[in-house]
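# Structural overview
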Amino acid sequence: MIRVENLHKSFKTNHVLRGINEHITQGEKVVVIGPSGSGKSTFLRCLNLLEKPTEGRIYVDDECITDPKCNINAVRAKMGMVFQHFNLFPHLTVLQNLTLAPTLLKLQTKEQAEAKARALLSRVGLEEKADAYPKQLSGGQQQRVGIARSLAMNPEIMLFDEPTSALDPEMVGEVLAVMRQLAEDGMTMVVVTHEMGFAKEVADRVLFMDEGIIMEKGTPKEIFENPQNERTKSFLSKVLS
Amino acid sequence: MVSALMLRERIKMMEWFLNTDLWHSIYASLIEGERWKMLLNGLGTTLIITIGAMALGTVLGIILALCKISKIKPLKWISSFYIDVIRGTPVVVQLLIMYFVIFASWNVNKTLIAIIAFGLNSAAYVAEIIRAGILGVDKGQMEAGRSLGLTHAQTMARIIMPQAIKSILPTYANEFIVLVKETAVAGYIAIEDLTKMGDIIRSKTYEALIPLLIVALIYLFITSILSKVFKRLEERMRASDSR
Ligand SMILES: Nc1ncnc2c1ncn2[C@@H]1O[C@H](COP(=O)(O)OP(=O)(O)O)[C@@H](O)[C@H]1O
Ligand SMILES: [Mg+2]
């Protein structure tokens, strides 16, 4: 479903990603962990070309998205992305946040999009907030809207960049619950997170990133219970203590 | 007896009042030779130039702003260069160049030349106002829009601009008000705008204070009306924002 070959990314002289190879299959839940500044966000953002790789190839559904001829907007339309800071559209109601893209891209009629949006809102437990504006919602509610907004596009893949890092602790649970539900429904997910509990429970595979490469990868059991790499060990001992 | 005396006193007072230099001067500036019509025509010209220039400046300013924030290098350079040149030189000089150089051998209406000159000038300022407004929107908004598959243009139109407009409007309104006053130099190319008309009346009446004071008051009136209108608009936007 997503294939990454020899991915490099530099910001000016800062060589952030230094050769990443990875294959994510349909329905797989991949959790990316690693210290801050190791390039996790950059890696995720390369997957939908929010960052342009300096080298390497990325395939989504066997389409080479790093090829300049690729219609990236069409590819992005089937890849949802959830941001650390939600990035909801503050000038639109919750419902409009969900319906804007599907209607603007003429994927759904206004009626279809609204029906779908209401269904999604009830799925994330916010159907009564349809006409509220983002700033009237708590952080946890905003992030659930963020997830619903991505789902409104009927994506095949969902990318999460630290979806709970900006939340007050008491709101982390409600967002993780929505993500868990999504995982159970069979969504292909790539999740950057510091929630190790979520990783252990939901991930099919865990990637440990450091210094712009995937230092170690494996099942949650392998990574958390029997890490091989020294870096992985020291990182885990820090975050799990 | 008494009342007749008082009446005479009163008439005397009124005569005195009417005969003062002040009233004579106002009379000469406005009524004599129907000079108020000159001022009205001048005001009309001033407003036409202002509105025309603002329209041109807005359209061109939007284009310049989009060029300046675009990723296409030559567009960036051209718009930056244009903005720097316009903002770094006096508008009077630009007006004179427009009239005596660029349109020198063409028979173009002077008011139109002024509209173009002030419009091209205003565009540079409007561009910077719009650019600042767009850059003021959190860049996560563009990323969110793009991540949903919207094009850059769609995201700009539906997500970025509606948010940017809130910070753009107050400074944009101010630019409008500045422009009303700035067009007062149109007389340099012999356009009979409000200021020029005041000056013509001054030279005819040999009386400087009153005609110029009247002109100043008209400017003040126009600018304060504009600033009230814009403030009202802004308040309405803020009200709809605090939902
Ligand atoms: N847009 C950018 N411009 C310049 N440097 C960036 C940009 N985004 C990220 N970086 C740099 O890339 C490195 C990795 O960042 P990031 O991918 O955000 O790490 P992580 O998500 O693992 O914390 C950091 O050194 C950061 O400063
Ligand atoms: Mg990050």
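Structure first, text after, so check above.
Notes on the structure follow. (Residues numbered from 1 in each chain as written. Chains lettered and ligands numbered in written order. Predicted model: local features only at pLDDT ≥ 70, side-chain atom pairs only at ≥ 80, totals over all residues. Heavy atoms only, no water.)

We now examine helix H1 (residues 40-47) of chain A. Taking burial as the measure, the eight residues of H1(A) include seven buried ones, the bulk of the element. A positive phi of about 60° marks A:Leu49, the residue just after H1(A). (Buried < 20%, exposed > 50% of the residue type's maximum accessible area, 1.4 Å probe, protein only. Helix = DSSP H or I, 4+ residues; strand = E, 2+ residues; numbered from the N terminus.)

Let us now look at the nonpolar core. By size, the foremost hydrophobic cluster in this structure holds 97 residues, and its most contacted members are A:Ile2, A:Phe43, A:Leu47 and B:Phe118. Tallying contributions element by element places helix H6 (residues 110-135) of chain B first for this core, with twelve residues. Excluding residues that lie within four positions of it along the chain, A:Ile2 makes contacts with A:Glu22, A:His23, A:Ile24, A:Leu47, A:Ile58, A:Tyr59, A:Met79 and A:Ile157. Formed by 46 residues, the second largest nonpolar core is a distinct cluster that contains A:Ile147, A:Leu151, A:Val172 and A:Met187. (Core = buried A, V, L, I, M, F, W, Y, C linked by side-chain atoms within 4.5 Å. Contact = heavy atoms within 4.5 Å.)

Here we come to the sheet that holds strand S8 (residues 188-192) of chain A. Residue and element names in this part refer to chain A. Strand order in the open sheet formed by six strands is S6-S7-S8-S3-S9-S10, and the pairing between neighbours is mixed. Each edge of the open sheet carries a strand with a single partner, namely strand S6 (79-82) and strand S10 (213-218). When the angles between neighbouring strand axes are averaged without regard to direction, this sheet yields 20°. Sheet analysis places strand S3 (residues 29-33) next to strand S9 (residues 205-210), joined by four bridges and oriented parallel. Its bridge partner being in S9, Val31 is matched across the sheet by Val206. Helix-sheet contacts for helix H6 (residues 169-184) involve S3, strand S7 (157-161) and S8, and the interaxial angle to S8 is about 145°. (Pairing = 2+ DSSP bridges. Axes fitted to C-alpha atoms, helices over the stretch in contact; angles between N-to-C directions.)

With that out of the way, let us pick up the pairing of S7(A). Look at any regular strand and the pattern is simple: side chains alternate between the two faces of the sheet. All names here are of chain A. With five of five residues buried, S7 is to be regarded as a mostly interior element. Taking every second residue as pointing to the same face, both faces of S7 are buried, with Ile157, Leu159 and Asp161 on one and Met158 and Phe160 on the other. Across four bridges, S6 lies against S7 in parallel orientation. By the bridge assignment, Gly80 is partnered in S7 with Met158.

Residue and element names in this part refer to chain A. Neighbouring residues of ligand 1: Phe11, Asn14, Val16, Pro35, Ser36, Gly37, Ser38, Gly39, Lys40, Ser41 and Thr42. Between ligand 1 and the protein, one listed contact pairs an oxygen atom with a backbone N or O atom of Gly37 at 2.7 Å. With respect to ligand 1, the backbone of Gly39 contributes an N or O atom lying 3.0 Å from an oxygen atom. Relative to its unbound accessible area of 560 Å², ligand 1 is 60% covered by the protein chains. Mapped by element, the contributors of at least two residues to the shell around ligand 1 are strand S2 (14-24) and H1. Considering every element that reaches the shell around ligand 1, the biggest residue donor is H1, with three residues. Residue composition of the shell around ligand 1, by class: three nonpolar, seven polar and one charged. (Near = heavy atom within 4 Å. Polar contact = N/O pair within 3.5 Å; in protein donor to acceptor, adjacent residues only side chain to side chain. Areas by Shrake-Rupley, 256 points an atom, 1.4 Å probe, with all protein chains shown as cover. Nonpolar A, V, L, I, M, F, W, Y, C, P; charged D, E, K, R; others polar.)

Another point: the sheet that holds strand S4 (residues 55-60) of chain A. All names here are of chain A. Sheet architecture is open: four strands sit in the order S2-S1-S4-S5, paired in antiparallel fashion. Only two strands of the sheet have a single neighbouring strand rather than two, namely S2 and strand S5 (63-64). Here S4 pairs with S5 via two bridges, running antiparallel. By the bridge assignment, Val60 is partnered in S5 with Glu63.

What follows covers the interface of chain B and chain A. Tallying the contact residues gives 20 residues for chain B and 24 residues for chain A. Summing the contributions of chain B and of chain A, the shared interface buries around 2000 Å²; its carbon and sulfur component is 57%. Viewed at the interface, chain A and chain B are joined by one salt bridge. The shortest N-O distance in the salt bridge between A:Arg45 and B:Glu143 comes to 2.7 Å. (Buried area = accessible area lost by both parts, 1.4 Å probe. Salt bridge = Lys/Arg side-chain N within 4 Å of Asp/Glu carboxyl O.)

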